[in-house]
Amino acid sequence: MKKVVWLIAGTSEGRRLAEALADLGATVHVTVATDYGASLYPDRKNIHVYARRMTYDDMCAFLREKDPELVLDSSHPYAKIVTETVCRACADLGYEYKRMLRPSTPHPDCIDVRDFEEAVEFLSDTEGPVFLTTGSKNLVDFTRLPEYRERVTCRILPLRDSLDNAIGLGYPPSHIICMQGPFSKALNVAMFRQCGARYIVSKDTGKAGGFEDKVAAAAEVGAKLILIDRVPEAGEDLDHVLADLRKRFG
């Protein structure tokens, strides 16, 4: 058994999977989207980390080069394009694919919307401060909100590209928070109160991503939480994947 795994990361679980595989003696090739994400991985001789965004052709070339026994996808539950593309590449080239997926969280008190467009449409008929916790990628969508510069506070990763994007779209520095999560309930409460949030926009990032604390914080400050729905997909949670890896490589 060659014990070579391509781990597509993008969540905190990815680091646990990388370390578990390394402990089992596997060679782990980890791909992440940013240099910042790469910096979070331990310096171990059998963990190799690459910061790159891959097209279908890039993924096929990577598969041929590394020739992994297993492709393990632990990308973010909202990284739909990544998952679709690597599934296609594995199927076309005949590589085994496994999906680690965070369990979703029950959210009866949230306002469910299908996508960012619907979130903007809903907010356009409301008044009051909006707190975005969905990252920098979709900030452009919320520039369609009337008076978004005054209404919207965004919380994004502490990365130069993210900050440049927010400022370039017209978000004032006083309405930009650059911090790495997940965030505790208490910290969420403090931030929501600071901007007087009446609406909070979120993704269902699961317990590991701090979603439960966000829901509790929104309730405490009396804000409505608008939830971008996940695209349904099949996968196993972290504990099941770890158990399978121990059986396979142990």
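Calculation rules
Residues numbered from 1 in each chain as written. Predicted model: local features only at pLDDT ≥ 70, side-chain atom pairs only at ≥ 80, totals over all residues. Heavy atoms only, no water. Helix = DSSP H or I, 4+ residues; strand = E, 2+ residues; numbered from the N terminus. Contact = heavy atoms within 4.5 Å. Axes fitted to C-alpha atoms, helices over the stretch in contact; angles between N-to-C directions. Parallel < 35°, antiparallel > 145°, perpendicular 65-115°, else oblique. Left-handed = near helix turned anticlockwise from the far one by under 90°. Nonpolar A, V, L, I, M, F, W, Y, C, P; charged D, E, K, R; others polar. Buried < 20%, exposed > 50% of the residue type's maximum accessible area, 1.4 Å probe, protein only. Polar contact = N/O pair within 3.5 Å; in protein donor to acceptor, adjacent residues only side chain to side chain. Pairing = 2+ DSSP bridges.

A. Representation of the environment of Gln180 within the structure. Along the chain, the position of Gln180 falls in the loop between β9 (176-178) and α9 (185-195). Put simply, Gln180 and Tyr41 are 139 residues apart on the chain and 15 Å apart in space, counted from C-alpha to C-alpha. Sequence-distant contacts of Gln180, defined by excluding residues within four places in its chain, comprise Tyr36, Leu157 and Pro158.

B. Structural context of the packing of helix α3 (residues 56-66) against helix α4 (residues 80-93). For the pair α3 and α4, interaxial distance at closest approach is 9 Å and the crossing angle is 50°. Classified by the angle between their axes, α3 and α4 sit oblique to one another. Between α3 and α4 lies a crossing whose hand is right-handed. Residues Tyr56, Met59, Cys60, Leu63 and Arg64 of α3 form the contact with α4, whose own contacting residues are Val82, Thr85, Val86, Arg88, Ala89, Cys90, Asp92 and Leu93. Looking at the contact of α3 with α4, its residues break down into nine nonpolar, one polar and three charged.

C. Helix α5 (residues 116-123), seen in detail. Within α5, burial applies to Phe116, Glu118, Ala119, Val120 and Leu123. The residue sitting at the N-terminus of α5 and contributing the capping side-chain oxygen is Asp115; that oxygen lies 3.3 Å from the backbone nitrogen of Glu117.

D. The sheet that holds strand β8 (residues 152-156), seen in detail. The strand order across the open sheet built from six strands is β6-β11-β10-β7-β8-β9, with neighbouring strands paired in parallel fashion. Single-partner strands in this sheet number two, and they are β6 (111-113) and β9. Between one strand axis and the next, the sheet turns by 20° as a mean value, whatever way the strands run. Two strands pair when backbone bridges link them, and strand β7 (residues 130-132) and β8 are joined in this way by three bridges, in the parallel orientation. Across the sheet, the residue bridging to Val130 is Val152, located in β8. Packed onto the sheet, α5 meets β6, β7, β10 (199-203) and β11 (224-228) and runs at close to 155° relative to β11.

Interpretation note: all reported values are geometric properties and have no functional meaning in isolation.
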